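Okay, here's what each chain looks like letter by letter:
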Amino acid sequence: MSEVKAASLINALQVFREIDSSLTIDQLIVLLTLSKEGPLRSVDLKQKLNISHHEYADIVEPLYNGHTIRKKSNASFIEAGPYADDPRQRVIFVNDDGKKAVETALEG
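These notes cover the structure that comes with them. (Residues numbered from 1 in each chain as written. Predicted model: local features only at pLDDT ≥ 70, side-chain atom pairs only at ≥ 80, totals over all residues. Heavy atoms only, no water.)

### What about the sheet that holds strand 1 (residues 40-41)?
Strand order in this open sheet of 3 strands is 1-3-2, and the pairing throughout is antiparallel. A strand with exactly one partner marks an edge of an open sheet, and here the two such strands are strand 1 and strand 2 (78-83). Where strand 1 and strand 3 (residues 86-94) come together, 2 bridges link them in antiparallel fashion. By the bridge assignment for strand 3, Leu-40 is matched with Ile-92. (Pairing = 2+ DSSP bridges. Helix = DSSP H or I, 4+ residues; strand = E, 2+ residues; numbered from the N terminus.)

Set out below in structure tokens:
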């Protein structure tokens, strides 16, 4: 990773932590990925980021509703909706609060 990209990620993470101090760099990467390439099915997001089901629970689930059994947070940056080709499947996307947070982080 170039120094410029690393510095940009660090700056974005600092802005995100001002919004919610519990956010991690992995969660920032999820939000940035979904902002750029989403909506994505959870299986596609796991594959794209090369994360396991367990890592998904730790990283992505807190972004839905702010907490899981493992971690509490005030975050609510993503939502799930029906997949166009198969309504039985769900896609994950950045909600309005998440979009504002990403825009603020990228400006900072």
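### Observations concerning the nonpolar core
Among the nonpolar cores identified, the biggest contains 24 residues, and Phe-16, Leu-31, Leu-34, Leu-45, Val-60 and Ile-78 are the most heavily contacted of them. Listing elements by their share of this core, those giving two or more residues are helix 1 (3-19), helix 2 (25-37), helix 4 (53-59), strand 3 and helix 6 (96-107). The greatest single-element share of this core, amounting to 5 residues, is contributed by helix 1. Leu-31 has contacts with Phe-16, Leu-63, Phe-77, Ile-78, Val-94 and Val-102, leaving out every residue within four places of it along the chain. (Core = buried A, V, L, I, M, F, W, Y, C linked by side-chain atoms within 4.5 Å. Buried < 20%, exposed > 50% of the residue type's maximum accessible area, 1.4 Å probe, protein only. Contact = heavy atoms within 4.5 Å.)

### Overview of the pairing of strand 2
The pairing of strand 2 with strand 3 spans 6 bridges and is classified as antiparallel. Following the sheet pairing, Tyr-83 is matched in strand 3 by Asp-86. Between strand 2 and strand 3, which pair antiparallel and follow one another directly, the connecting turn spans 2 residues.

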